[in-house]
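# Observations on chain architecture
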Amino acid sequence: MLVLSIIGIIVGLIVIALFIQFSNEYSVRVYKYEIFNVGNFVLSVLGYIAIYFGNEWYIQELKVHGDILNGILLIVIGALLLFSVIYVNIKRTSPLYGFMMSVAEGILYLAATPLVFFVFIAVVAFFSETKPVYNIND
């Protein structure tokens, strides 16, 4: 069963890669705009991260009757980043194609966000040359 799961994951990733490649080729040919690009990816990931941490902040402050405005502000900033991606996609393509591809793009980027976030944290930790701290006074 493990082998079938691994094969399923590999086939799924290949299908996703082919979908992205086909979508980009079509949009470049028809609209001269690449739907799946680095700029959209970065804005989407930042938007999802802002929404996630804004929601966590909002819930935490709501429990202690604190200032919930900071969480709401982060959520709004994240939503604006995501809506900017949708707006640019619709502006540079047709309304129907731009919206449908924005939805597909949003789903794929949402799935990739946790992985990108953890890889980013690992890269920052690696380049900051963090060393373990040992306590010898025990």
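In the block above lies the structure referred to throughout.
Here the structure is a predicted model, which is why all the values come from computation and not from measurement.

Reading the values: rules and limits
- Residues numbered from 1 in each chain as written.
- Predicted model: local features only at pLDDT ≥ 70, side-chain atom pairs only at ≥ 80, totals over all residues.
- Heavy atoms only, no water.
- Helix = DSSP H or I, 4+ residues; strand = E, 2+ residues; numbered from the N terminus.
- Buried < 20%, exposed > 50% of the residue type's maximum accessible area, 1.4 Å probe, protein only.
- Contact = heavy atoms within 4.5 Å.
- Expected span 1.5 Å × (residues − 1).
- Polar contact = N/O pair within 3.5 Å; in protein donor to acceptor, adjacent residues only side chain to side chain.
- Phe/Tyr/Trp six-rings, centres within 6.5 Å; stacked < 30°, edge-to-face > 60°.
- Axes fitted to C-alpha atoms, helices over the stretch in contact; angles between N-to-C directions.
- Parallel < 35°, antiparallel > 145°, perpendicular 65-115°, else oblique.
- Left-handed = near helix turned anticlockwise from the far one by under 90°.
- Nonpolar A, V, L, I, M, F, W, Y, C, P; charged D, E, K, R; others polar.

### A short note on the overall build of the protein chain
A tally of regular secondary structure across the protein chain gives four helices and zero strands. Along its sequence from the N terminus, the protein chain presents helices and strands in the succession α-α-α-α. Along the first, second and third principal axes, the C-alpha set of the protein chain runs to 65 × 45 × 35 Å. Sorting the 138 residues of the protein chain into buried and exposed places 22% on the buried side. Here the contacts in the protein chain between residues at least 6 apart in sequence split such that 64% fall between residues at least 24 apart.

### Points about helix α2 (residues 38-63)
The terminal C-alpha atoms of α2 lie 38 Å apart, and with 26 residues this matches the ideal 38 Å at 1.5 Å per residue to within 8%. Of the residues that open α2, the one with a side-chain oxygen 3.3 Å from the backbone nitrogen of G39 is N37. Two residues or fewer after α2 comes H65, characterised by a positive phi angle close to 55 degrees.

### Some thoughts on the packing of aromatic side chains
Under the definition given, this model contains 10 aromatic pairs. Each member of the aromatic cluster is reached from another via a ring pair, and the members are F19, F36, F41 and Y109.

### Things to note about the environment of F99
Relative to the helices and strands, F99 is located in helix α4 (residues 95-127). The exposure class assigned to F99 is partly exposed, which follows from its relative accessible area of 42%. Through-space distance from the C-alpha of F99 to that of V88 is 10.0 Å; in sequence the pair is 11 residues apart. For F99, the residues in contact, after removing those within four places along its chain, are I90 and S94.

### Describing helix α3 (residues 69-92)
With 24 residues, α3 should cover 34 Å at 1.5 Å per step; its first-to-last C-alpha distance of 34 Å lies within 8% of that length. When we look at burial in α3, the residues that qualify are G71, G78, L82, V85 and N89.

### So, the packing of α2 against α3
Where α2 meets α3, the axes come as close as 7 Å, and the angle between the chain directions of the two elements is 155 degrees. The pairing of α2 with α3 is recorded here as roughly antiparallel in orientation. Classified by chirality, the crossing of α3 by α2 is left-handed. The residue inventory of the contact of α2 with α3, partitioned by class, reads 15 nonpolar, 10 polar and no charged.

### Here's the deal with unusual backbone geometry
Outside of glycine, negative phi angles account for most residues, and trans bonds account for most peptide bonds. Here K32, not a glycine, exhibits a phi torsion of approximately 55 degrees, which is positive. One can find K32 in the loop between α1 (2-31) and α2. Backbone geometry at H65 places phi at a positive 55 degrees, although glycine is not the residue there. If you trace the backbone, H65 turns up in the loop between α2 and α3.

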